[in-house]
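Fold and contact review
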Amino acid sequence: MAVLLGLLVLSAPTRAARIAVGPYLQAPSETSMTVMWITDVNAVSWVEYGTGESLDQKAHRSRHGLIDADRTIHTVTIEGLAPGREYRYRVCSKEIVTFKPYEVTYGETVASDTYTFTTLDGRKDSISFIVLNDIHERNEVLISLTRLAQSQPFDLVFLNGDILGHIENEPQIIDHVLAPCTALFAKQTPFVYVRGNHETRGKFARRLPDYITLPDGRYYHSFDHGPVRFVVMDGGEDKRDTDKEYSGLVDFDRYRAVQRKWLEAEIRSEAFRKAAFRVVVVHMPPQPSERWHGPDDMYQTWRTLYNEGKVDLVISGHTHHYEIRPPVEGVCEYPTIIGGAPQDGAATVVRVDATADHLRVTMTRDDGQIVGTYAIDKVKADSAAAL
Ligand SMILES: [Fe+2]
């Protein structure tokens, strides 16, 4: 019997966690990059990385002195990196098979393939980024727009809201955001999730931050890359907080007021003022409206700060109607680029190429047609739009 038991132990299958989705890159900066992935079982995880052939450095996440060991969602921030430098990396996970107070047993280590990323660089002469919006879970639209954009390289991707229709569960986030983005670009190019009003809806909406990395834990934030200061804002919902659709569970008037305070400080910051260009990415465009309270509130409060800070460009979505709104003196003194709808023939991808001298915006529809361009030169009088 002992022999038999021994044979059973020897023939037991070895266990290894499976990487269900990822790795995908988040929260890029000049000196750090966050890598995320999801395993099918709880695991202890780390990233191996380096600048040469060998991945000779290792990063993991610990909080309060404890290395993460009780989760399937893995978030590892690699710090101490050099600006504008390419790194190679792979992610590794090891299932925790038993987790007793004084005895932990592990499964075998699973490792991803090796990929590369490049840190941001405020001194880079020219950068490019793309913006996708209002996909509403139509993966085929996300795929076709991204493939169109991939005819030219880009440094960053902004998911500018309403990529999801509402959030009910984890598979929805994986199936319509994380998996397609990982397959298309996110292993090597980070995406910035700009929350849309639809991503505030549904019982799982409060869990979205677990699946992405929000700088300083906020959906609104700012960062630099090349000649651009990016300001990401979160408009919340489009209707009043008291609207019956929200069942008394939202608090966006206060949230937008908090962001106004933050924006006041942002436009006075040295980084904002010294940037060659200042670009706001926000799902809903501010506009006066008696019916739509959210955009109206943004219009009444944030717009004046955009004007005061001399914002060069606002990129939005939400209206499901692509257009370019030129600046209007004394009202919105900046152009607003509004990406399209989820329907075939109405979806768009916005591409921006920036140097210290100019911004060039190109809006391409899902059929490959360029449907809008906008040029901003350092001397604003030279700006020109075409749609
Ligand atoms: Fe929207």
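Residues numbered from 1 in each chain as written. Predicted model: local features only at pLDDT ≥ 70, side-chain atom pairs only at ≥ 80, totals over all residues. Heavy atoms only, no water.

Per an unreviewed UniProt entry, the protein chain carries the name FN3 domain-containing metallophosphoesterase family protein and comes from Anaerobaca lacustris.

What follows is about the environment of Ala276. When you line up the elements, Ala276 lands in the loop between helix H6 (270–274) and strand S15 (277–281). The class of Ala276 is buried, set by a relative accessible area of 17%. C-alpha separation for the pair Ala276 and Leu359, spaced 83 residues apart in sequence, amounts to 9.9 Å. (Helix = DSSP H or I, 4+ residues; strand = E, 2+ residues; numbered from the N terminus. Buried < 20%, exposed > 50% of the residue type's maximum accessible area, 1.4 Å probe, protein only.)

So, on to helix H3 (residues 170–186). The end-to-end C-alpha distance of H3 is 18 Å, clearly below the 24 Å that 17 residues give at a rise of 1.5 Å each. Along H3, the sharpest change in direction is near 30° and occurs at Leu178; proline Pro180 comes one to four residues later. Of the residues making up H3, those classed as buried are Gln172, Ile173, Ile174, His176, Val177, Leu178, Pro180, Cys181, Thr182, Leu184, Phe185 and Ala186. Its side-chain oxygen 3.0 Å from the backbone nitrogen of Gln172, Asn169 forms the N-cap of H3. (Expected span 1.5 Å × (residues − 1). Bend = angle between axes of the 7 residues up to and from the residue. Polar contact = N/O pair within 3.5 Å; in protein donor to acceptor, adjacent residues only side chain to side chain.)

UniProt's entry tags residues 128–322 with the feature "domain: Calcineurin-like phosphoesterase" (unreviewed entry), counted in the numbering of this structure. Between the end C-alpha atoms of residues 128–322 the distance is 20 Å, and the span holds 36% helix and 16% strand. (UniProt positions renumbered as here; feature names shortened; annotations may be inferred.)

Turning our eyes to something else, we now look at the packing of aromatic side chains. On inspection of all chains with the given rule, the structure shows 15 aromatic pairs. On the numbers, 5.5 Å between centres and 75° between planes, the contact of Phe129 with Phe158 is edge-to-face. Here the residue Phe129 occupies a position in strand S10 (residues 126–132), and Phe158 occupies one in strand S11 (residues 156–159), the gap between them amounting to 29 residues. Between Tyr306 and Tyr334, the ring centres sit 5.6 Å apart and the planes meet at 80°, which makes this aromatic pair edge-to-face. Taken together, the positions of Tyr306 in helix H7 (residues 293–308) and Tyr334 in the loop between strand S17 (323–325) and strand S18 (336–338) put the pair 28 residues apart, joining distant regions of the chain. Like Tyr306, the residue Tyr334 is buried in the burial classification. Joined through ring pairs, the aromatic side chains of Tyr87, Tyr89, Tyr115 and Phe117 make up one cluster. Taking the ring centre of Trp46 as reference, the NZ or CZ of Lys58 above it sits at 4.7 Å. (Phe/Tyr/Trp six-rings, centres within 6.5 Å; stacked < 30°, edge-to-face > 60°. Lys NZ or Arg CZ within 6 Å of the ring centre and 35° of its normal.)

Below, the discussion takes up the pairing of strand S2 (residues 33–50). For a regular strand, the rule is simple: side chains alternate between the two faces of the sheet. Across the 18 residues that make up S2, a large majority, 15, are buried. The pairing of strand S1 (residues 19–26) with S2 spans five bridges and is antiparallel. Opposite Val21, over in S2, you have Ile38 as the bridge partner. Counted between consecutive antiparallel strands, the loop separating S1 from S2 contains six residues, among which Ala27 sits at a positive phi close to 45°. Note that S2 and strand S6 (residues 71–78) share seven bridges and pair antiparallel. Considered in S6, the bridge of Trp37 is made with His74. (Pairing = 2+ DSSP bridges.)

Along the chain, Thr336 falls in strand S18. With 24 residues separating them along the chain, Thr336 and Asp312 place their C-alpha atoms 9.3 Å apart. Thr336 has contacts with Pro285, Val314, Ser316, Glu323, Ile324 and Arg325, leaving out every residue within four places of it along the chain. (Contact = heavy atoms within 4.5 Å.)

Under the feature "domain: Purple acid phosphatase N-terminal" (unreviewed entry), the UniProt entry names residues 25–119. Taken end to end, residues 25–119 comprises 0% helix and 66% strand; its first and last C-alpha atoms sit 11 Å apart.

Taken as a whole and assessed by the stated rule, the structure comprises 27 salt bridges. For Asp251, the salt bridge is made with Arg254, and the minimal N-O distance between the two is 2.8 Å. Exposure remark for Asp251: the relative accessible area of 41% places this residue in the partly exposed category. Overall, the relative accessible area of 55% leaves Arg254 in the exposed class. The network of salt bridges with shared partners includes Arg61, Arg63, Asp68, Asp70 and Arg71. (Salt bridge = Lys/Arg side-chain N within 4 Å of Asp/Glu carboxyl O.)

This brings us to the coordination of the iron ion. Around the iron ion, the protein contributes the donor atoms Asp162 (OD), Asn197 (OD1), His283 (NE2) and His318 (ND1), at 2.1 to 2.2 Å from the metal centre. Classification of the site at the iron ion rests on its four donor atoms, whose angles at the metal span 90 to 167°, yielding the label irregular. Donor residues for the iron ion sit on one chain with the sequence pattern D-x34-N-x85-H-x34-H. Of the two residues, Asn197 sits in the loop between strand S12 (191–193) and helix H4 (208–211) while His318 sits in the loop between strand S16 (313–316) and S17, which places them 121 residues apart along the sequence. (Donors = N, O, S within 2.8 Å, 3.2 Å for Na, K, Ca; no water. Tetrahedral: all angles 85-135°; square planar, octahedral: opposite > 155°, others 65-115°.)

With that settled, consider the sheet that holds S15. Strand order in the open sheet made by the six strands is S13-S14-S15-S16-S18-S17, with mixed pairing throughout. Strands at the two margins of the open sheet, each flanked by one partner only, are strand S13 (221–225) and S17. Direction aside, neighbouring strands of the sheet carry axes that sit 20° apart on average. As paired elements, S16 and S18 share three bridges and run parallel to each other. Residue pairing for S18: Ser316 is matched across the bridge by Ile338. (Axes fitted to C-alpha atoms, helices over the stretch in contact; angles between N-to-C directions.)

To continue, consider the domain arrangement of the protein chain. Note: interface size is frequently given as the accessible area lost on complex formation between the parts. When the domains of the protein chain are assigned, the result is domain 1 (13–118) and domain 2 (126–386). Computed over C-alpha atoms, the centres of domain 1 and domain 2 are 29 Å apart. Contacts between the two partners involve 18 residues from domain 1, matched on the other side by 17 residues from domain 2. Approximately 1,500 Å² of surface area, both sides summed, lies buried where domain 1 meets domain 2, with 64% of it carried by carbon and sulfur atoms. For the pair domain 1 and domain 2, the number of links is zero salt bridges. At the junction of domain 1 with domain 2, the criterion picks out six residue pairs in polar contact (both at pLDDT 80 or more). Of all the elements in the fold, those that place two or more residues in the side of domain 1 that touches domain 2 are S1, S2, S6 and strand S9 (115–118). Element by element, the count of residues in the side of domain 1 that touches domain 2 is highest for S1, at six residues. For the side of domain 1 that touches domain 2, a count of residues per class yields 13 nonpolar, five polar and no charged. (Domains from an automatic or database assignment. Buried area = accessible area lost by both parts, 1.4 Å probe. Nonpolar A, V, L, I, M, F, W, Y, C, P; charged D, E, K, R; others polar.)

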